[in-house]
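# Structural description and commentary
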Amino acid sequence: MLIDPFLSTEPPYSERCSGVREISDEDPSPIKWLGAIKGCFELAGWTQTGNVPSEGDQQISKSHMWFTTPPIPPVVPALIDDPCGPSTSGGLGRMTTGDLTTWFMPYDPYRYLAPTEPCNGKVWFPVGLTNQETADNLAEAMTDNSPFLVTVSDNPANANEFNFHYTSAAPAWEYDETVPWVGWGEHYVDGGYYTYRSQSLNGCTLTVRLQNNTTGCFRPGGVYWLEKPAIIGALQPWLMIKSSGSPFDEWQSVFWTPTHCFFHGGPFQFAIWTDQKDRFHSSILVSMLQMDIPHFTGANPILIVSSENLDMQMDYQQLMEKLHWQDSIGTGFNNQLHYTTWPNRSTSGPNPDGKFRTPMVMFRGLRNVPLYTLSDTALAQPAYVILSEDPTGQPRGDQQDFIGGRLWDMAIVTDTTLNLDSKTMMSGRKWTQMSTSTRPTDLLGSLWVTHDPVGQEETDAGV
Amino acid sequence: MGLAFTDDEIRYAILAARPEADFLDALNTMLLECGWIRLGDFNNGSEYGIVSPQGLTARCRFWSLAAGPGNWPRRFMMQMGSDASPGTVGWEHAFIAGVYSGDSNYTAATAFTQYSVWCNRCSVFIGAVHSDPKNSYQKAVQGGVPFASGAVLSTPCGGEMPPPAVATAELWFSAGDDSGNPSIFSTASAYWSFRNQYVCQRYSLCHNGAITSANFHSPPNPPPETMMGWRNEPYALQLGIMRTARAWIRAAGSLAQKFEGGFIYPDGSPVVLNPLLYHNGRVIGEIYDAALISKPMALDQVESISASGVLTTWQNYMTATGPTPGYFYDDLSYVNEAAAAAFLLLRAREADTDEGNVAY
């Protein structure tokens, strides 16, 4: 006997939801972009659970940290010639934020007098009687005149070098765009992050880490990594996701540019998408899907779809152009996330055909043709998702995929429109289109999200 | 979930296919007990009038024919027609009077001697008692008046005031698995109808006096414009089964995704949904006293459902099997989306004493 098997006809609605938040790209700063995203998570009801400040390391030969010997007999120190002039010759360090650079200029305190306050982008600091003292004085001057705590130690990899270590004074990445220089090493002080945790759904949670990081590259168009040190590349925002059911596995997704995009999120789900097409306009959907109540026990499904993770990705707009996803996906039940990784693209090993199991939206529609009522109204349905216990599970034909529940605050409509910003009314709510099917063999439909915030005062989280 | 129930009599029986007169007599008894009105003789059978709970009407004829001409075997015929305009009729659908030992076309694999017959006050579903609904013998018909979506006018179409375009004043359908071509009768695979697929190849549908009698021949025979292929499938009469965004079994072998259990939850349960009826890209209605379920079931297999204090018993009418399955992604290649579906007809409905008495 089947107990309460009837399909739900409504999407699950969150008691708190950000609605659709638009993130501007007028000032394409990864810091501002990530700050806007952070604000969106708070609107969506996620809780900040931690933060780590950005850090960086640079090395310099000890011989560069020149020192002095007091004159005998002592002399009366003379004013440095034009200490606030344009010349920065001899500077031992600098901090750059945008077009503004602060130079750290050394002087012999036994022979010269220097301004005690910064002037015209210069900070004068005294050299010491040893190169260690000079390095310490430089670190103190940088600490007093930059957003970083700067410390000096020997470089454990090279006894002839000092290692300058920078720690952001901000909670996380707020000063990542300030670039220090004393020599060679990491270009940015980065890697700081905030963690936000979803609300608990049946005892399960998701944690997202919002982080700026320089991105390295093994080969053109190849695999990317963000573990430090990453000494090449530009600052890029990263979103990393863990589930409480698989705390040691982490989904890592890069956002290539601080792009114009949209955010929609609730306590158990969020999505970031864009209306532009190319690799550098990224997207992501993360959801603890709502399993139908009679089938709740032990289900706890998870779905992640993004444009790119630590994997070669060939379908960057898959989230906006399809209602089924073949690359850069993670799925699982029991709140355990399994995701595609680069080895599964190989032509050998357990998955020689290089194909993954495909999470798909399930609905009632027609292929390549819209489905309407007699009054020419498209059908609106909840967005059920079919997904696998393990998307890399092989052989592919020997496993059954299952109904993974419904996406929150989202609905399928059995027609498509060209305008991704379309808004309409369904079930007394306002909606915005997020994605649409574009392949002729696919079920024709579009995915819509609730437009207005719920459970909070209206605020502007845009950049 | 609002299924459309007639809240009226339902009859189900297994009837012997021969003698043909006995079959027609037994069928007549069942139909009359469901509320069909016998209008009179039609050939050696009967013509009936049916009225749906919405007041929509239609006519239906059953009779039998001896073998011939050509390859036609001894058979029954069903034809739906308009009650408002009796000259407007649909296809004649043939279903053979069994395959018995001693028949010239007898084989053990294709033999059958009984029909599974289900009817309510406004529809009838007939299919041979045989495990394979897609082999070479044409042995299934369906027809009736569905529940009409949207506004309904029970004024006949022939009235002075034509109904608004979005209101339904007349709606009936018929389908069967015979191609209408005697030269291939019993020598080719049966056509798709609701006994073996979610979509029908040869059917009649009348909506507000406009009748469509379609006959999409089987692939891969050209021309594609008249073939049941990707061009025509979205517009043909079909049940609104649950489907996935991607044609999931388009790939073969290890590249395919497997749904042997259908579209089911991790606990093995399928979903049940109302049996929407589509035509020409429109939801025109749904079948009364019926449901769709997202798992495959054997023909005539019984399932029980308890929901909202009501216990219902159902019997499966559709099994999508056979060599030429469901959906097309080009003119010659097709996959079987109905492998994750079954079509249930109501057998009984009662209060679930464990749950109380709340209808759904």
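Rules and cut-offs
Starting from 1, residues in each chain are numbered consecutively following that chain's sequence as written. Lettering of chains starts at A and numbering of ligands starts at 1, both following the order in which they are written. Selection of residues for local features in this predicted model requires a pLDDT of at least 70, selection of side-chain atom pairs for listing and counting requires 80 or more, and totals for whole chains, interfaces and linings are taken over all residues. By convention in this description, side-chain values take in all heavy atoms of the structure and omit both hydrogens and water. What counts as a helix is a DSSP run of H or I of at least four residues, what counts as a strand is a run of E of at least two, and both are numbered from the N terminus. Buried, partly exposed and exposed residues are distinguished by accessible area as a fraction of the type maximum, computed with a 1.4 Å probe on protein chains only: under 20%, between the cut-offs, and over 50%, respectively. Contact criterion: two residues are considered in contact whenever any of their non-hydrogen atoms come within 4.5 Å of each other. The Shrake-Rupley method, run with a 1.4 Å probe sphere, supplies the accessible areas, and residue values consider only the shown protein chains as cover. Put simply, a disulfide is two cysteine sulfurs that come within 2.5 Å. Buried surface area refers to the total accessible area, computed with a probe of radius 1.4 Å, that the two partners give up upon joining, counted for both partners together. Any carboxyl oxygen of Asp or Glu within 4 Å of a side-chain nitrogen of Lys or Arg constitutes a salt bridge here. All residues other than Ala, Val, Leu, Ile, Met, Phe, Trp, Tyr, Cys, Pro, Asp, Glu, Lys and Arg, Gly among them, are scored as polar; the first ten of these are nonpolar and the last four charged. For Phe, Tyr and Trp, where Trp contributes only its six-membered ring, two rings pair if their centres lie within 6.5 Å, and the inter-plane angle classes them as stacked under 30 degrees, edge-to-face over 60, or tilted in between. The rule for a charge over a ring is simple: NZ of Lys or CZ of Arg within 6 Å of the ring centre, and within 35 degrees of the ring normal. For a helix, the expected span equals 1.5 Å multiplied by the number of residues minus one. In the analysis that follows, any N or O atom pair within 3.5 Å is treated as a polar contact, provided that within protein one partner can donate a hydrogen and the other can accept it, and provided that, for residues neighboring in sequence, both atoms belong to side chains.

Each helix and strand counted, chain A has three helices and 32 strands in total. Here chain A holds 463 residues, and the buried ones make up 59% of them. A fraction of 65% describes how many contacts in chain A between residues 6 or more apart in sequence connect residues 24 or more apart. Roughly 18100 Å² of accessible area belongs to chain A as shown, and the carbon and sulfur atoms make up 54% of that amount.

A word on the state of the cysteines. Evaluated as defined, the whole model comprises one disulfide over all chains. A sulfur-sulfur distance of 1.9 Å marks the disulfide that ties A:Cys84 to A:Cys119. Given an S-S torsion of about -95°, the disulfide between A:Cys84 and A:Cys119 has left-handed geometry. Taken together, the residues A:Cys84 in the loop between β5 (78–79) and β6 (93–97) and A:Cys119 in the loop between β8 (112–113) and β9 (122–126) connect sequence positions 35 residues apart. Given a relative accessible area of 29%, A:Cys84 falls into the partly exposed group. Considering cysteine sulfurs only, B:Cys34 is the nearest to B:Cys122, which forms no disulfide, with 9.6 Å between them.

For the rest of this paragraph, the subject is the interface of chain A and chain B. Contacts between chain A and chain B engage 50 residues on the former and 59 residues on the latter. When the two sides are added together, the surface that chain A and chain B hide from each other amounts to roughly 4800 Å², 63% of it contributed by carbon and sulfur. The partner of A:Asp376 in a salt bridge is B:Arg282, and the shortest N-O contact between them spans 2.5 Å. At four residues, the largest contribution of residues to the side of chain A that touches chain B is made by strand β26 (residues 360–363) of chain A. Here the residues of the side of chain A that touches chain B sort into 26 nonpolar, twelve polar and twelve charged.

Let us now look at the packing of aromatic side chains. Taken as a whole and judged by the stated rule, the model has 31 aromatic pairs over all chains. On the numbers, 4.3 Å between centres and 35° between planes, the contact of B:Phe23 with B:Phe76 is tilted. Of this pair, B:Phe23 sits in helix α1 (residues 20–34) while B:Phe76 sits in strand β5 (residues 75–81), and the two are 53 residues apart along the sequence. The exposure class of B:Phe23 is buried, given its relative accessible area of 1%. Put simply, the rings of B:Trp118, B:Phe125, B:Phe173, B:Phe194, B:Tyr317 and B:Phe343 pair up and form one aromatic cluster. When the ring centre of A:Tyr194 is taken as reference, the NZ or CZ atom of A:Lys38 above it lies at 4.7 Å. Sitting over the face of the ring of A:Tyr13, A:Arg429 holds its NZ or CZ atom 3.4 Å from the ring centroid.

With 15 residues, α1(B) should reach 21 Å at 1.5 Å per residue; the first-to-last C-alpha distance of 21 Å fits that figure. Turning to α1(B), its buried residues number three or more, namely B:Glu20, B:Phe23, B:Leu24, B:Leu27, B:Asn28, B:Met30, B:Leu31 and B:Cys34.

All names here are of chain B. Within the secondary structure, Asn208 sits in the loop between β12 (202–207) and β13 (210–215). Note: C-alpha distance between Asn208 and Glu170 (38 residues apart in sequence) is 4.6 Å. A distance of 2.8 Å separates a polar atom in the side chain of Asn208 from the backbone oxygen of Ala167.

A word on the environment of B:Thr212. Residue and element names in this part refer to chain B. By the element assignment, Thr212 lies in strand β13. Sequence spacing of Thr212 and Ile96 is 116 residues, and the spatial spacing of their C-alpha atoms is 24 Å. Thr212 has contacts with Tyr203, Ser204, Leu205 and His279, leaving out every residue within four places of it along the chain.

What is shown is where atoms sit, not what they do.
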